[in-house]
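Per-entry structural report
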Amino acid sequence: MKNDFVNGKILPSLIKFALPVLFALFLQAMYGGVDLLVVGQFSDNSNVSAVSTGSQLMHSITTAITGLSMGTTVLLAQKIGNGRRKEAGNIIGSSVILFSIISILLTVLFIVFSRTICRIMNAPAEAFDETVRYFTICSAGLIFIIAYNVIGSIFRGIGDSKTPLITVAIACGVNIIGDLIFVAGLHMGAAGAATATVLAQAVSVVVSLIIITRQNLPFDVQRSYFSIKSPRNYIYIRRTLGLGIPIALQDFLVSISFLVILSIVNDLGLVYSAGIGVAEKVCMFIMLVPIAFMQSLSSFVGQNEGAGRHDRSIRAMLYGMAVSFAMGIIMAAITFFRGDLLAGIFSNESDTIIQAAEYLKSYAIDTISVSFLFCFCGFYNGCGKTRFVMIQGLVGAFAVRIPVSWIMSKTEPVSMFRIGLATPCSTIVQIILCFIVFLVMRKNKQEQKG
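These notes cover the structure that comes with them. (Residues numbered from 1 in each chain as written. Predicted model: local features only at pLDDT ≥ 70, side-chain atom pairs only at ≥ 80, totals over all residues. Heavy atoms only, no water.)

1. Quick notes on the overall build of the chain
The secondary structure content of the chain amounts to 17 helices and zero strands. In summary, the chain has a C-alpha radius of gyration of 21 Å against a globular reference of 22 Å for 450 residues, a match within 12%. Along the first, second and third principal axes, the C-alpha atoms of the chain reach 60 × 45 × 35 Å. Per-residue burial over the chain gives 58% buried out of 450 residues. Long-range contacts, defined as pairs at least 24 residues apart, comprise 83% of the intrachain contacts of the chain with a sequence gap of at least 6. Approximately 17,900 Å² of the chain is accessible, and the part contributed by carbon and sulfur atoms is 68%. (Helix = DSSP H or I, 4+ residues; strand = E, 2+ residues; numbered from the N terminus. Rg over C-alpha atoms; globule rule 2.2 N^0.38 Å. Buried < 20%, exposed > 50% of the residue type's maximum accessible area, 1.4 Å probe, protein only. Contact = heavy atoms within 4.5 Å. Areas by Shrake-Rupley, 256 points an atom, 1.4 Å probe, with all protein chains shown as cover.)

2. Observations concerning the nonpolar core
With 108 residues, the main nonpolar core has Met58, Phe99, Tyr134, Phe135, Tyr359, Phe379 and Tyr380 as its most contacted residues. Look past the residues within four positions of Met58 in its chain and what remains in contact with it is Tyr134, Phe135, Cys138, Ser139, Leu142 and Ile145. Counting residues in each nonpolar core, the second largest holds seven residues, with Met70, Val74, Ile91 and Leu243 among its members. (Core = buried A, V, L, I, M, F, W, Y, C linked by side-chain atoms within 4.5 Å.)

3. Thoughts on the environment of Ile120
Along the polypeptide, Ile120 turns up in helix α4 (residues 114-120). Sequence separation between Ile120 and Asn175 is 55 residues; the distance between their C-alpha atoms is 28 Å.

4. Here's the deal with unusual backbone geometry
Cis geometry is found at the peptide bond from Glu412 to Pro413, where omega equals -10°. For Pro413, the location among the structural elements is in the loop between α15 (386-409) and α16 (416-420). Unusually for a residue other than glycine, His187 sits at a positive phi of about 55°. Within the secondary structure, His187 sits in the loop between α7 (162-185) and α8 (189-213).

5. As for the environment of Ile247
Mapping Ile247 onto the fold places it in helix α9 (residues 231-266). The exposure class of Ile247 is buried, given its relative accessible area of 3%. Residues Ile247 and Met390, 143 residues apart in the sequence, show an inter-C-alpha distance of 5.7 Å. Ignoring sequence-local partners within four residues, the contact set of Ile247 consists of Gly67, Met70, Asn381 and Thr386.

6. Considerations on a nonpolar patch on the surface
Taken together, the side chains of Phe325, Met327, Ile329, Ile330, Ile334 and Phe372 present a nonpolar region at the surface, about 470 Å² in accessible area. Ranked by residues supplied to the nonpolar patch, first place goes to helix α12 (residues 310-337) with five residues. Position of Ile329 relative to the elements: it lies in helix α12. (Patch = residues over 30% accessible without salt bridge, like charges linked within 9 Å, V, L, I, M, F, W, Y side chains within 5 Å. Salt bridge = Lys/Arg side-chain N within 4 Å of Asp/Glu carboxyl O.)

7. Some thoughts on the packing of aromatic side chains
Enumeration according to the criterion identifies nine aromatic pairs in this entry. Arranged with centres 5.6 Å apart and planes meeting at 45°, the rings of Phe325 and Phe372 form a pair that is tilted. With a gap of 47 residues between them, Phe325 in helix α12 and Phe372 in helix α14 (residues 350-382) connect regions that are remote in the sequence. Its relative accessible area of 30% is what places Phe372 among the partly exposed residues. Taking NZ or CZ as reference, Lys361 lies 5.9 Å from the ring centre of Phe336, over its face. (Phe/Tyr/Trp six-rings, centres within 6.5 Å; stacked < 30°, edge-to-face > 60°. Lys NZ or Arg CZ within 6 Å of the ring centre and 35° of its normal.)

8. Section: the layout of surface pockets
Considering only enclosed or pocket space, the second largest pocket measures out at about 380 Å³ in volume. Along the wall of the second largest pocket there are 18 residues; nearest its centre are Ile61, Ala64, Leu106, Phe110 and Phe252. Mapped onto the lining of the second largest pocket, the elements with two or more residues apiece are α2 (45-81), α3 (85-112), α4 and α9. Within the lining of the second largest pocket, the residues separate by chemical class into 17 nonpolar, one polar and no charged. (1 Å grid on protein atoms, 1.4 Å probe; cavity = no way out; pocket = protein on both sides within 12 Å on 5 of 7 lines; lining within 4 Å. Points joined across faces, edges and corners; volume = space filled by probe spheres on them. Nonpolar A, V, L, I, M, F, W, Y, C, P; charged D, E, K, R; others polar.)

9. Topic: the pattern of salt bridges
Summed over all chains, the structure comprises five salt bridges. Of the charged contacts in the structure, one is a salt bridge between Arg309 and Asp311, with a shortest N-O distance of 3.7 Å. Residue Asp311 is classed as partly exposed on the basis of its relative accessible area, which comes to 40%. Residue Asp340 is joined to Arg338 by a salt bridge in which the shortest nitrogen-to-oxygen separation is 3.4 Å. Given the relative accessible area of 41%, Arg338 is considered partly exposed.

10. Considering helix α6 (residues 142-157)
Between its first and last C-alpha, α6 extends 23 Å over 16 residues, near the 22 Å set by a 1.5 Å rise per residue. The buried fraction of α6 amounts to 13 of the 16 residues, a majority that puts the element mostly inside the structure. Gly159 lies just past α6 and shows a positive phi near 85°. (Expected span 1.5 Å × (residues − 1).)

Don't take any of this as a statement about function, it's just geometry.
Rendered as structure tokens:
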């Protein structure tokens, strides 16, 4: 099932790989989306707020893990691109060791400090206990969440985007059934949604492992690769961290910036808190196309950079931008003019829908601009320039997004639309930074050829 990205036509190959990634991301978004939808229909605003805050916390953690595992994806893709099967096997073994340690440490940390973390998030008093329950249950199942993302990074690194789609489809089905049983049937509220999510992730990991054992993988696998005592594993752990930490740190801190915005909005009251929670769930869906191309480009560019085909990397990025932009125009129109319908899917509270729709109008602007930003990021990740991706992300988050959100939250009358404008403002700044670095890279490449 491995895709060869270094030969053949670029656009068909890129789309063929990106489509399963897109569908998998859609189903992953369904996890939180279905949770909020069922809770919104069968519980009150306090449970909606709890799922909103708790799922955003878990999303930040998952985003950081996905970013860190991108180090595995890029490194593996580069080794596959230049045909080094043994080194690819070593990368797999070292990644398993690394993420096993991380999952144990984070599970203990988040369970012990769950109440403190929710207090820092400024969870509304009416929803505080439910938020803690949601976050604690999800933290207990963190090992499955991490394992799923690491396995997915391995498949993407070898050019296989279909297997993660199959496993997440099964898991999404389990999650829906679990929500109907625990939330709609047993009326467990936010705690039931968390239980269903963890159960679904556990199933996805088991299915992934079964599929792995039955595939002919494009790398060598030996028991020694999984030894914690192997000096070579420490080398690849350092390389994986070297590529992954900047991405993880950038993704995590950007997510933290959104958590800060959520905390700012939480301070405005329960309706605003529920409104932004609903809006963020909608945003997870309307941003899927550029996110899919970002992840796909990391693998595509990684293989081509490993094979010395930098020209194909650039062309792939431009194709990704064109397709993402076309879809972004459509999603922007729907989100801006009918955000109330989208928000109404996740809530039956009229006040919540109104606030969510206002916030979504600003995000409609961002659906167009991220078409360029995310493809830039996927390109730079595949080139191994993850530190720059981290820097531009942090500049956008902490120099633009948080300050603008805070200023708008203090400007009377308070408007969710103005608070949300902080996001497209930061995106524009980041695109400018990415374009400048692209011009510098191109100039350096031309000088090297000359």
